[in-house]
Amino acid sequence: MTPIVQGKRLVKRYGEVQALQGIHFSICSGECVGFLGPNGAGKTTLLHMMSGIVQKTSGDLTLLGLDISKQAREIKARIGVLPQENNLDPDFTVENNLRAYARYFGISGKLAQSRVEELLHFIQLYDKRKAKISELSGGMKRRLMLIRSLVNNPEFLILDEPTTGLDPQARHVIWQKLRSLKSSGKTMVLTTHYMEEAAQLCDRLYMIDRGKILAEGKPQELIHRYVGKEVLEIRLRKKEKDRLLERLEGLDFESEEIEDTLYLFPRDSEAVLRRLVEFDVQELQRRPSTLEDLFFKLTGRGLHE
Amino acid sequence: MKISIPAWRSLKVLQRNLDVWRAHWLSSIIANLGEPILYLFVLGVGLGRLVPEVNGMSYLYFLAPGIMVAAAMNSASYECTFGSYTRMMTQKSYEAILMTPISVEEIVIGDVLYGALKGLFSATALAALLVLIDVIDLTPALLSIPLLFLTGFLFACLSMIVTALSPSYEFFSYYFTLFITPMFLLSGVFFPIDSLPPWIQRVSLCFPLTHSVQIARSLIYEVTWMPHLGSLLWLLVMTSFSLFIAIRLCHRRLIR
Ligand SMILES: Nc1ncnc2c1ncn2[C@@H]1O[C@H](COP(=O)(O)OP(=O)(O)OP(=O)(O)O)[C@@H](O)[C@H]1O
Ligand SMILES: [Mg+2]
């Protein structure tokens, strides 16, 4: 399939800061692609570049077959953007926010009215249509932001942390709506700090840190490639650790020690467990590996900023 | 950066602002008219008793044209500093609009048009009052409408430049105390500039408001634009230049 969004060698410098250092990526029609990475990785910068409000320092970026540096207006007419921070118009009611936004896209009159009503029903905010923005909860504002990005019926949707700061209920409503958009054929890119969000929504992931792409692939594939199938989490006393690792000599596994916890990423968990039987471990947990393990594996556990 | 004819897309930005304004236009009139009315009557009537005549006319009549253009200046300046800064930085409304097919230049033009209209509105309301109480005549008041709009537009553009450079709201107090207020006092609104020392007169001639005041005087007293074509040209050049600079600076601030 030919990609509908494609970035090549994308570089962004803010003065001294290298926010993006040569990013390659592509998104195909109907795909939901996620960018995962710690704070300051460059996710928002990349999404802003796609939305045309950050200029690239160098590289090529095309959306819907058009060049962002030459045809930004045509592109913006056909995409929808949900920015990381809400920027609803506090002077307007819920429905007037949508109407004003529709007008910027040249949608007005009956068409705008029916579109606005349809979207309010879709996100379950119809009863709040006359409310002021200051009267909405965080979850309602985010839902309103989401449908605002849909007023022009975009072919491509850019979602920067769609659910950050929301309670589980609100988050699940948004996931459900995004899944239904996806099944209706919308192409999307999103960033998130919730691994479950990525697992639930994304067909493909790019792991990104310090402006570079570290890995790319389907979620399960990535986990298996970098982490393995299972993780053993062992809590034990410091001096026991060396003895334990000695005991496991000869088995094929990787390990990582953080504070009081030892993480083992074995090829064969059974073999490891058999040798640990007679060992006095305080706590042992055997679980399938997750995106979170992948995340830590690729980006480390220390703070990045 | 390419500047295309902004036309109808800027009007959508203007319309957004007008929609907001519609909700509280009454309080906005009172806020905008309070100050010029105060100047007119405290100075015109109060001081007018002590100053029987300026250039052979009553002080209130002398004051009227200058206060009208100054009202356009003040109202447009407030809108495109505090108002535009709020839209640009605090509410991030510009950023939201930039994610639609509307460009930076269209947003800036829409916003300065709004500032100019607010200036025009304040000044026209004041002119209407002056006509009602028989200080000035209706015909010259109507003829001065384009000038009031132009003055508002010019100061909206200048203010937009300041807004694009401003790190915070505090910055605007420099603009008002170091630029707008001295200009208000020294451009011939309250007394003829030829009564100033020559070097201050030269400074005064650089102020855009001085030229607006001169044109307003000949419009109101002689019902003609003619004597000050030079001033008009100067205002037009200054307006185009400051609009261009405002767009450049807003572009730099908004598209990182
Ligand atoms: N306008 C700016 N001026 C200067 N530096 C910036 C600007 N915007 C972002 N940066 C820097 O660029 C880097 C990438 O920031 P970006 O916002 O893209 O990260 P992010 O991955 O979205 O982070 P988060 O998860 O916290 O949202 C950071 O080091 C940030 O400090
Ligand atoms: Mg971000």
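Notes on the structure in this doc start here. These numbers were taken from a predicted model, which means no experiment stands behind them. (Residues numbered from 1 in each chain as written. Chains lettered and ligands numbered in written order. Predicted model: local features only at pLDDT ≥ 70, side-chain atom pairs only at ≥ 80, totals over all residues. Heavy atoms only, no water.)

As for the overall build of chain B
Across its full length, chain B carries 11 helices and 0 strands. What you see for chain B is a C-alpha radius of gyration of 18 Å, in line with the 18 Å of a compact globule of 256 residues. Per-residue burial for chain B yields a buried fraction of 55% across its 256 residues. Of the roughly 11,100 Å² that chain B leaves accessible, carbon and sulfur atoms contribute 70%. Here chain B holds 15 positive side-chain charges and 13 negative ones, and the gap between their average locations is 12 Å. (Helix = DSSP H or I, 4+ residues; strand = E, 2+ residues; numbered from the N terminus. Rg over C-alpha atoms; globule rule 2.2 N^0.38 Å. Buried < 20%, exposed > 50% of the residue type's maximum accessible area, 1.4 Å probe, protein only. Areas by Shrake-Rupley, 256 points an atom, 1.4 Å probe, with all protein chains shown as cover. Lys, Arg positive; Asp, Glu negative; His and termini not counted. Charge placed at Lys NZ, Arg CZ, Asp CG, Glu CD.)

Topic: the packing of helix α3 (residues 59-90) of chain B against helix α5 (residues 104-132) of chain B
All names here are of chain B. For the pair α3 and α5, the least separation of the axes is 8 Å and the interaxial angle reads 150°. Every pair of crossing elements has a handedness; the one defined by α3 and α5 is right-handed. Contacts from Ala-64, Ile-67, Met-68, Ala-71, Ala-72, Ser-75, Ala-76, Glu-79, Cys-80, Ser-84 and Arg-87 of α3 reach α5 at Asp-111, Val-112, Tyr-114, Gly-115, Lys-118, Gly-119, Ser-122, Ala-123, Leu-126, Ala-127 and Leu-130. Looking at side-chain class alone, the contact of α3 with α5 contains 13 nonpolar, 5 polar and 4 charged residues. (Axes fitted to C-alpha atoms, helices over the stretch in contact; angles between N-to-C directions. Left-handed = near helix turned anticlockwise from the far one by under 90°. Contact = heavy atoms within 4.5 Å. Nonpolar A, V, L, I, M, F, W, Y, C, P; charged D, E, K, R; others polar.)

So, the sheet that holds strand β5 (residues 66-67) of chain A
Residue and element names in this part refer to chain A. Pairing in this open sheet of 4 strands is antiparallel, and the strands run β2-β1-β4-β5 from one edge to the other. Of all the strands in the sheet, just β2 (17-28) and β5 have a single pairing partner and so form its edges. By the bridge criterion, 5 bridges tie strand β1 (residues 3-14) to strand β4 (residues 58-63) in an arrangement that is antiparallel. By the bridge assignment for β4, Gln-6 is matched with Thr-62. (Pairing = 2+ DSSP bridges.)

A word on the site of ligand 1
Near ligand 1, the surroundings consist of 15 residues, among which Asn-39, Gly-40, Lys-43, Thr-44 and Thr-45 of chain A are the closest. More than one chain reaches ligand 1: the nearby residues come from chains A and B. In the model, an oxygen atom of ligand 1 is placed 2.6 Å from a nitrogen or oxygen of the Thr-44 of chain A side chain. Taking Glu-161 of chain A, its side chain carries an N or O atom lying 3.4 Å from an oxygen atom of ligand 1. Contact with the protein chains covers 67% of the free accessible surface of ligand 1, which is 630 Å². (Near = heavy atom within 4 Å. Polar contact = N/O pair within 3.5 Å; in protein donor to acceptor, adjacent residues only side chain to side chain.)

Topic: the coordination of the magnesium ion (ligand 2)
Residues and elements named next belong to chain A. For the magnesium ion (ligand 2), the full set of protein donor atoms is Thr-44 (OG1) and Gln-84 (OE1), and the range of their distances to it is 1.8 to 2.2 Å. Residue Thr-44 is located in helix α1 (residues 43-51), and its partner Gln-84 is located in the loop between β6 (79-82) and α3 (94-104); the two are separated by 40 residues in the primary sequence. On the basis of relative accessible area, Thr-44 is assigned to the partly exposed category, the value being 21%. With a relative accessible area of 34%, Gln-84 lands in the partly exposed category. (Donors = N, O, S within 2.8 Å, 3.2 Å for Na, K, Ca; no water.)

Focus: the packing of helix α7 (residues 145-165) of chain B against helix α10 (residues 208-222) of chain B
All names here are of chain B. Between α7 and α10, whose axes approach to 10 Å, the crossing angle comes to 175°. Between α7 and α10, the crossing angle belongs to the class labelled roughly antiparallel. For the pair α7 and α10, contact is made by Leu-147, Thr-151, Leu-154, Phe-155 and Leu-158 and by Pro-208, Leu-209, Ser-212, Ile-215, Ala-216 and Leu-219, respectively. (Parallel < 35°, antiparallel > 145°, perpendicular 65-115°, else oblique.)

Quick word on the side chain of Arg-115 of chain A
All names here are of chain A. Note on placement: Arg-115 falls in helix α4 (residues 109-122). Using a relative accessible area of 16% as the deciding quantity, one classes Arg-115 as buried. Here Val-151 takes part through its backbone oxygen, which lies 3.1 Å from a polar atom of the side chain of Arg-115. Among all residues touching Arg-115, those that are not within four sequence positions of it are Leu-150, Val-151 and Asn-153.

Let's talk about the side chain of Glu-95 of chain B
Inspection of the secondary structure assignment puts Glu-95 of chain B in helix α4 (residues 93-98). Despite its burial, Glu-95 of chain B pairs with no opposite charge; the closest candidate is Arg-256 of chain B, at 4.1 Å N-O. Residues in contact with Glu-95 of chain B, not counting those within four places in the same chain, are His-48, Ile-53 and Asn-87 of chain A together with Arg-256 of chain B. (Salt bridge = Lys/Arg side-chain N within 4 Å of Asp/Glu carboxyl O.)

Side note on the pattern of salt bridges
Scanning the model with the defined rule gives 24 salt bridges over all chains in all. Lys-182 of chain A is paired through a salt bridge with Asp-203 of chain A; the nearest N and O atoms lie 3.2 Å apart. Linking Lys-182 of chain A in helix α6 (residues 168-183) with Asp-203 of chain A in the loop between α7 (195-201) and β9 (204-209), this pair joins segments that are 21 residues apart in sequence. Given a relative accessible area of 23%, Lys-182 of chain A falls into the partly exposed group. Owing to a relative accessible area of 29%, Asp-203 of chain A belongs among the partly exposed residues under this scheme. Residue Arg-9 of chain B is joined to Glu-106 of chain B by a salt bridge in which the shortest nitrogen-to-oxygen separation is 3.5 Å. With a gap of 97 residues between them, Arg-9 of chain B in helix α1 (residues 7-23) and Glu-106 of chain B in helix α5 connect regions that are remote in the sequence. Each member of the pair Arg-9 of chain B and Glu-106 of chain B is classed as buried.

Quick look at helix α8 (residues 171-186) of chain B
Residue and element names in this part refer to chain B. Helix length check: α8 (16 residues) gives 22 Å between terminal C-alpha atoms against 22 Å at 1.5 Å per residue, within 8%. Its maximal kink placed at Thr-177, α8 deviates by approximately 30°. Listed in full, the buried residues belonging to α8 are Phe-172, Tyr-175, Phe-176, Ile-180, Met-183 and Phe-184. Of the surrounding elements, those touching the buried residues of α8 are α2 (25-50), α3, α7 and α10. Backbone geometry just downstream of α8 places Gly-188 in the positive-phi region, at approximately 85°. (Expected span 1.5 Å × (residues − 1). Bend = angle between axes of the 7 residues up to and from the residue.)

Comments concerning the nonpolar core
Of all hydrophobic cores here, the largest spans 115 residues; its most connected members are Phe-25, Phe-35, Met-50, Leu-63, Leu-144 and Phe-156 of chain A. Looking at this core, the element that brings in the most residues is α5 of chain B, giving 8 residues. Both domains that furnish three or more residues to this core are identified here as domain 1 (3-223) and domain 2 (229-288) of chain A. Within the second largest apolar cluster, 50 residues are counted, among which are Tyr-59, Ala-127, Ile-136 and Leu-154 of chain B. (Core = buried A, V, L, I, M, F, W, Y, C linked by side-chain atoms within 4.5 Å. Domains from an automatic or database assignment.)

Observations regarding helix α10 (residues 269-276) of chain A
Residue and element names in this part refer to chain A. Buried residues of α10: Ser-269, Ala-271, Val-272 and Leu-276, and no others. Looking straight down α10, one finds its buried side chains confined to an arc of 165°; they lie on one side. Contacts made by the buried residues of α10 are with β11 (230-235), α9 (238-247), β13 (261-266) and β14 (283-288). (Arc of directions from axis to C-beta.)

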